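Here's the letter readout for the chains.
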Amino acid sequence: MSIEIPVPDIGDFESVEIIEILVKAGDVINKNDPIVTLESDKSSVEVPSPFSGKIISLKVKIGDKVSKGSILALLEKNELNEKNKSSKEQKIEKEKSEVTKKEENILPITEKIIEEAESTIVQQPKKSIQKKSYSNKSDIDPIETQEWLDSLDAVLKQDGTDRAHYLLKKLTDEAYKEGFNKPLTRITPYINTIPAELEVKSAGDQNIERRIRSLIRWNAAAMVVKANKKNPEIGGHIGTFASAATLYDVGMNHFWRAKNNKFGGDLIYFQGHSAPGVYARAFLEGRLTENQLSNFRQEVGVDGLSSYPHPWLMPKFWQFPTVSMGLGPILSIYQARFTKYLINRGLLKDEGRKIWAFLGDGEMDEPESLGAISLASREKLDNLIFVINCNLQRLDGPVRGNGKIIQELEGIFRGAGWNVIKVIWGSYWDQLLSKDKTGLLIKRMNECVDGEYQAFKANDGSYVREKFFGKYPELQDLVSSMTDRDIWKLNRGGHDPHKVYAAYNEAMKTKAKPTVILAKTIKGYGMGKSGESINITHQQKKLGEEDLLYYRDRFDIPLTDKQVKNIEFYKPNEKSDEIRYLKERRMKLGGNLPERTSFSRAIKKPSKDIFDNMLKSSGDRQMSTTMALVRILTNLLRDKNIAPRLVPIIPDEARTFGMEGFFKKIGIYAHEGQKYEPEDSEQLSSYREDKKGQVLEEGITETGAMSSFIAAGTSYTNHDLEMIPVYTFYSMFGFQRVMDLIWAAGDSQTRGFLIGATSGRTTLAGEGLQHQDGHSQILASTVPNCVSYDPTFAYELAVIFREGLRRMHDKQENIFYYLTTMNENYNHPEMPRNCEEGILKGMYLFKEFNNKGKTKVQLLGSGAILREMIAAGEILSKEYNIDSDVWSVTSFNELRKDGMKIERKNLLNPGEKAQKSYVEKCLDRREGPVVAASDYMRSYADQIRPYISKSFYTFGTDGYGRSDSRKKLRKFFEVDKAHIVTYTLSALAKEQLVPSKDAEKAIKKYNINKDKPIPSEL
Ligand SMILES: Cc1ncc(C[n+]2csc(CCOP(=O)(O)OP(=O)(O)O)c2C)c(N)n1
Ligand SMILES: [Mg+2]
């Protein structure tokens, strides 16, 4: 049966041009195979076939304009295939309706919220609950209270905790309905979430583990003190790791599985300031030498260790740069999300790998730390575990002296839907808690603020007796048989390996939600007077002899006084129990951590002609370079090797960039698929969400999108799978918004393309000061491994993109690209011959106006402003008989890099013939002054000044943008053709190559106001 294929609903567009025909008569095609590509000035999309079958004839040709309903082709429909498909579709429909049915059963919203919050509380099995009678002034009717408690007790005994939860939920719900609107608290008492009797015990040898931990503690501290002694300007941190040692050790000994040929490996984000502890363990494992430890923070010229986790500096060791507070939390969330994305897309096996992030309690002040936690619960990231080391201090002093950080974080995380496990008290408290029949111990724990808890640990047992227990006579009695020493021994949960083990074990088992472990510790644990729980702990890097001797004794390190005074490291011999145990544990867990490796296979190169359609003239068609980028991506999506690896990332701007065509074509990633029929389901660019969707539509979070970019761009090492992230953003909200993450992307050796779309201070018309970017290229130039370009024409973009793929995926270079694209529509010429090398190096001769006379000028234009330069060249030639060479400068940044390299080489080889920089090679033999302009600040073009021996004038867009038309903006910033002509005449007049009256006349002709202040001052 033959059938017509019409243009489907294409939204608001009418008369859209066909720019490509992708089938021919006789082709056998499948349903959804693209037939043609349509392009308006705003968007470029492929039209898929609604059926499979054989193309009988085509009804359109390239250049035709079509609207909804226009017939594209005649197709002989493949009935059999359709039948199969439709039964598959029926199945999907059925599944969908089942999902809906299930949803209908869901309890009202309040119940759902409470259910989510409460389901994270560890459930106790049925057991008899000891009755506690509280005498409390806020209880106006204790008998009634007791009746309620008895009822609860009876339910718990008879029907268990689930029934009790249900009833409590019902009660709360009823109360809400009656107008009782006090919110349900998200905070539980200040005690451990897991009751002592439910703790799962570690099978590890606690004695050996303690000895190992002590050695690690010693070596970590010694490393810092030694470095600082060698050179007092070298810093370091002892206090952070001292507080976190147990948290790391339990993970290393029992939980964290390394990458090997059988398993992908857990990913651990180590807290930046605890790096010395991670090195100290690697030293015992034999992975780092004593010499390396001695060179902690001395990396220049020796085999040293970097201050913090930096994959760029230690590419075989560190995986994640975390030291800029707040980046670890958000990066790990998006890492966990990206891991699920790869699994859901069928690119990665689901092996139950976990992502662990170790964070400071002070670090949680950073907006980035908490900014994405709801994404983690929304996407049910049960592969993510946060461990927040709540040592109650940050750099200057207490994190929440007047409050309780653990309680605050509990409320925030539980409210966001996380599983919260508090590890507050160590095992020594268990007995006291069970002995307390008054409820006063928990009351006292609840009422003390962190400032007090810090002070307790800065003092001693007698202080704790007086200030903590002393408040209530009942509590004084409770500890009356304990010595001050015993009281001092009452430990904190984060220093108790049993409690930590139980919490980790619980986190590993948690399903459908991420877990946060809030572990209470002591900053500078074990440092005694020199730094335990005191405000200056964070900065303490100098330990005197007395302090070191105390530290040695505190942790039983078998070193003599002399060895301690020499600050020697200690490593037992290979056959010792400690070393054997330590290595055996890691062997059991699959290998060493952290370790950075990559066994990914290079993605196959795309075919040679893949971008050929970009190299031709666009003829009468006008388009923007953003549209050219969409074409590039569309071409790549037709390449079977590259297509699955592309990760388009967009923070809610796809329609701005004309990328909405990707929604239907490759789908938007949604971990639960699409539970609704989108309102535009009939349209060609319908909002299609899919569990296997490819586009990461991030919503309005450039920080999140950047974190996804890093996760995807480092997938070659973290998942041994190369991916090609293309993150397209509003150029103003790129570098300037998330520069710290971009720096971290560089450190992480991320590979991918950052696209600053709608770029240029004058090219993005009408948006004004906060939107118009005239400096992202300059910011890009500050990142060492970022390769950046500001191309003008589609063929330039295509050449650069292909080279990017070659360098990052063929040559496996650890670089990433920043390309600015524009939304200005214009014609694109055919690629001139032999210009590829120049495009990539940063400039090439685009056009010569060479027929007029003797006077000549060199015009260098970049990005959008190149076209103003070409127009200026034309005016100079026609109206003033001045010849010019017009150069397209694709990257002043790349020219600068080359210039610096050559200059340095020449300076280091004074006796040799000087080499020429690429700029010199281009311009040396050309005549006339050089005039350069771009849509960026003048300093962008100024970068090549040292390599130009002629007079050199730069123009740009220094100053705040304004909302107005492109034309007016260019006039305002003085980068339009009129200003270029005028300034060029003036420059030539200065060199007495033209009379100055020519320039004066041009000033008048173009209405240039000499009295207007420079735009940067306006
Ligand atoms: C973005 C950023 N701002 C400031 C710092 C400087 N800094 C380093 S550690 C630190 C305090 C950290 O406190 P916390 O997160 O509680 O970690 P702790 O050392 O107590 O475990 C600060 C302010 C930084 N590294 N990053
Ligand atoms: Mg802290």
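Only a predicted model underlies this, so the values are computations on that prediction, with no experimental measurement involved.

Asker: I'd like to hear about the overall build of the chain, residue by residue, with values.
Answerer: Within the chain, the regular secondary structure consists of 37 helices and 28 strands. For the chain, whose C-alpha radius of gyration is 34 Å, the value lies close to the compact-globule estimate of 31 Å for 1018 residues. Each of the three principal axes of the chain carries a C-alpha extent, and together these read 105 × 80 × 60 Å. With 1018 residues in all, the chain has 56% of them scored as buried.

Asker: Outline the coordination of the magnesium ion (ligand 2), supporting the account with residue identities and numerical values.
Answerer: Within the protein, the magnesium ion (ligand 2) binds to D361 (OD), N391 (OD1) and Q393 (O); these donor distances fall in the range 2.0 to 2.1 Å. Residue classification places D361 among the buried positions, given a relative accessible area of 1%. Classification of Q393 as buried rests on a relative accessible area of 2%.

Asker: Could you give an account of the confidence of the model for the chain, with specific residues and numbers?
Answerer: Averaged over the chain, the pLDDT score is 92; the fraction of residues at 70 or greater is 94%. Taken together, the stretch residues 99-104 has pLDDT below 50 and engages in two contacts with residues farther than four places along the chain or on a different chain. Across residues 126-134 the pLDDT falls below 50, and counting only partners more than four positions away or on other chains, this stretch makes 19 contacts in the model.

Asker: Requested: an account of the side chain of E697, with residues and values cited.
Answerer: With respect to the element layout, E697 can be found in strand β18 (residues 696-697). Although E697 lies buried, it forms no salt bridge, and the closest oppositely charged side chain, R655, sits 7.3 Å away as judged by the N-O distance. A polar side-chain atom of E697 sits 3.3 Å from the main-chain amide nitrogen of G699. Setting aside residues up to four positions removed in sequence, E697 forms contacts with I650, P651, D652, F663, I668 and Y687.

Asker: Kindly report on the sheet that holds strand β27 (residues 930-933), identifying the contributing residues and their values.
Answerer: The strand order β24-β26-β25-β27-β28 describes an open sheet built from five strands, whose pairing is mixed. Only two strands of the sheet have a single partner each, and these edge strands are β24 (843-849) and β28 (952-955). The mean angle between the axes of side-by-side strands here comes to 20 degrees, regardless of whether they run parallel or antiparallel. Bridge count for strand β25 (residues 856-861) against strand β26 (residues 883-889) is six bridges, and the pairing is parallel.

Rules of the game
Residues numbered from 1 in each chain as written. Chains lettered and ligands numbered in written order. Predicted model: local features only at pLDDT ≥ 70, side-chain atom pairs only at ≥ 80, totals over all residues. Heavy atoms only, no water. Helix = DSSP H or I, 4+ residues; strand = E, 2+ residues; numbered from the N terminus. Rg over C-alpha atoms; globule rule 2.2 N^0.38 Å. Buried < 20%, exposed > 50% of the residue type's maximum accessible area, 1.4 Å probe, protein only. Donors = N, O, S within 2.8 Å, 3.2 Å for Na, K, Ca; no water. pLDDT = per-residue confidence, 0-100. Contact = heavy atoms within 4.5 Å. Lys, Arg positive; Asp, Glu negative; His and termini not counted. Salt bridge = Lys/Arg side-chain N within 4 Å of Asp/Glu carboxyl O. Polar contact = N/O pair within 3.5 Å; in protein donor to acceptor, adjacent residues only side chain to side chain. Pairing = 2+ DSSP bridges. Axes fitted to C-alpha atoms, helices over the stretch in contact; angles between N-to-C directions.

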